[in-house]
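Below are the chains, spelled out letter by letter.
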Amino acid sequence: SQTIHQWPATLVQPVGSPLSLECTVEGTSNPNLYWYRQAAGRGLQLLFYSVGIGQISSEVPQNLSASRPQDRQFILSSKKLLLSDSGFYLCAWGRGGHQPQHFGDGTRLSIL
Amino acid sequence: AQSVTQLDSHVSVSEGTPVLLRCNYSSSYSPSLFWYVQHPNKGLQLLLKYTSAATLVKGINGFEAEFKKSETSFHLTKPSAHMSDAAEYFCVVSEDGQNFVFGPGTRLSVLP
């Protein structure tokens, strides 16, 4: 069966520090991969999605970036975090063809 | 363009009474529709999906939803609420299996 892993579960970072969140999927190949952000009490905002290695689509211009160095690895990064980057970050994978997305457990990011 | 409206931001029911969470969608094509549940500080868990098969869809934990094309609705129901059902619920539409549009969510409270 397929599983998705996200880490870390929680992270506290100072303003201006760098960020790296990692997501990996097991049990499937060539998945579509997604990064979402969820602000407190709000819905999901799509940040990036990828349909293959090195192929990244950005939905929201900001100081975040994403990379897909391997087929089942998706990384969310920032060179300098802002206070507004606080939130709950969720990684998801999907197979396309009207199949649903499957989500990781999320990373709670707090910026001080 | 596709969109989702969840008509209630918050629904409160007593334990043992029926649950109704409303969702209306807009789509130019025959979409796939999904319901997800999110417990605090957790990822989203798939409850059920509609992908153009039977219009009455049964999901996990006793939930079901009915696809009504004439009303562009996909309401989520459960005959008898449990305390463990208290969570945030998201209705999601996808026309192409790659792009997913999330509703703003409905918070379900279950009173003892």
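Whatever comes next refers back to the structure up there.
Values in this document were obtained by computation on a predicted structure and should not be read as measured data.

So what exactly am I meant to see when it comes to the overall build of chain A here?
A count of helices and strands for chain A gives zero helices and 11 strands. Rg of the C-alpha trace for chain A: 13 Å, near the compact-globule value of 13 Å for 112 residues, within the 12% margin. Principal axes of the C-alpha set define a box for chain A whose edges measure 40 × 25 × 20 Å. A buried classification covers 47% of the 112 residues belonging to chain A. Of the contacts made within chain A by residues no fewer than 6 positions apart, 55% connect residues no fewer than 24 positions apart. Here chain A has roughly 5200 Å² of accessible surface; of this, 51% comes from carbon and sulfur atoms. In chain A, which carries 8 positive and 6 negative side-chain charges, the distance between the mean positions of the two groups comes to 6 Å.

Before we go on, may I ask you to explain the state of the cysteines in this structure?
By definition, a disulfide is the covalent link that joins the sulfur atoms of two cysteine residues. Using the criterion set out here, one finds two disulfides over all chains in the structure. Covalently, Cys23 of chain A is tied to Cys91 of chain A through a disulfide, its sulfur atoms 2.0 Å apart. Across the S-S bond linking Cys23 of chain A and Cys91 of chain A, the dihedral sits near -75°, which makes this disulfide left-handed. Of the two residues, Cys23 of chain A sits in strand β3 (residues 19-26) while Cys91 of chain A sits in strand β9 (residues 87-94), which places them 68 residues apart along the sequence. Per residue, the accessibility class of Cys23 of chain A equals that of Cys91 of chain A, and both read buried. Sulfur-sulfur distance for the disulfide between Cys23 of chain B and Cys91 of chain B comes to 2.0 Å. Linking Cys23 of chain B and Cys91 of chain B, the disulfide has an S-S dihedral of approximately -65° and is accordingly described as left-handed. Separated by 68 residues along the polypeptide, Cys23 of chain B in strand β4 (residues 23-26) and Cys91 of chain B in strand β10 (residues 87-94) bring together distant segments of the chain. The pair formed by Cys23 of chain B and Cys91 of chain B is uniform in burial state, with each residue classed as buried.

Can you help me understand the layout of surface pockets in this one?
To find leftover empty space, one rolls a probe the size of a water molecule over the atoms. In this structure, the largest pocket encloses a volume near 350 Å³. Around the largest pocket, the lining is made up of 19 residues, and of these Gln38 and Gly41 of chain A together with Gln38, Pro40 and Glu88 of chain B lie nearest the centre. Considering only enclosed or pocket space, the second largest pocket measures out at about 150 Å³ in volume. Lining the second largest pocket are Tyr25, Ser26, Ser27, Ser28, Tyr29, Ser30, Pro31, Tyr50, Ser52, Phe67, Lys69 and Thr72 of chain B. Its residues assigned to classes, the lining of the second largest pocket comprises five nonpolar, six polar and one charged.

Hey, could you run me through the interface of chain A and chain B in this one?
Put simply, an interface is often sized by how much accessible area is lost when its parts join up. The interface is formed by 20 residues belonging to chain A together with 22 residues belonging to chain B. When chain A packs against chain B, close to 1700 Å² is buried across both sides, 53% of that on carbon and sulfur atoms. The tally of links between chain A and chain B comes to zero salt bridges. Taken together, the links from chain A to chain B amount to six residue pairs in polar contact (both at pLDDT 80 or more).

Mind showing me how you'd approach unusual backbone geometry here?
Glycine aside, residues mostly have negative phi, and peptide bonds are mostly found in the trans state. Cis rather than trans, the peptide bond between Trp7 of chain A and Pro8 of chain A has omega equal to 0°. You can see Pro8 of chain A is positioned in the loop between β1 (3-7) and β2 (10-13). One non-glycine residue, Asn30 of chain A, adopts positive backbone phi at about 50°. With respect to the secondary-structure elements, Asn30 of chain A resides in the loop between β3 and β4 (32-38). Positive phi values are uncommon outside glycine, yet Asn61 of chain B reaches one of about 60°.

The rules behind these values
- Residues numbered from 1 in each chain as written.
- Chains lettered and ligands numbered in written order.
- Predicted model: local features only at pLDDT ≥ 70, side-chain atom pairs only at ≥ 80, totals over all residues.
- Heavy atoms only, no water.
- Helix = DSSP H or I, 4+ residues; strand = E, 2+ residues; numbered from the N terminus.
- Rg over C-alpha atoms; globule rule 2.2 N^0.38 Å.
- Buried < 20%, exposed > 50% of the residue type's maximum accessible area, 1.4 Å probe, protein only.
- Contact = heavy atoms within 4.5 Å.
- Areas by Shrake-Rupley, 256 points an atom, 1.4 Å probe, with all protein chains shown as cover.
- Lys, Arg positive; Asp, Glu negative; His and termini not counted.
- Charge placed at Lys NZ, Arg CZ, Asp CG, Glu CD.
- Disulfide = S-S within 2.5 Å.
- 1 Å grid on protein atoms, 1.4 Å probe; cavity = no way out; pocket = protein on both sides within 12 Å on 5 of 7 lines; lining within 4 Å.
- Points joined across faces, edges and corners; volume = space filled by probe spheres on them.
- Nonpolar A, V, L, I, M, F, W, Y, C, P; charged D, E, K, R; others polar.
- Buried area = accessible area lost by both parts, 1.4 Å probe.
- Salt bridge = Lys/Arg side-chain N within 4 Å of Asp/Glu carboxyl O.
- Polar contact = N/O pair within 3.5 Å; in protein donor to acceptor, adjacent residues only side chain to side chain.

Shape descriptors only; they carry no functional weight alone.
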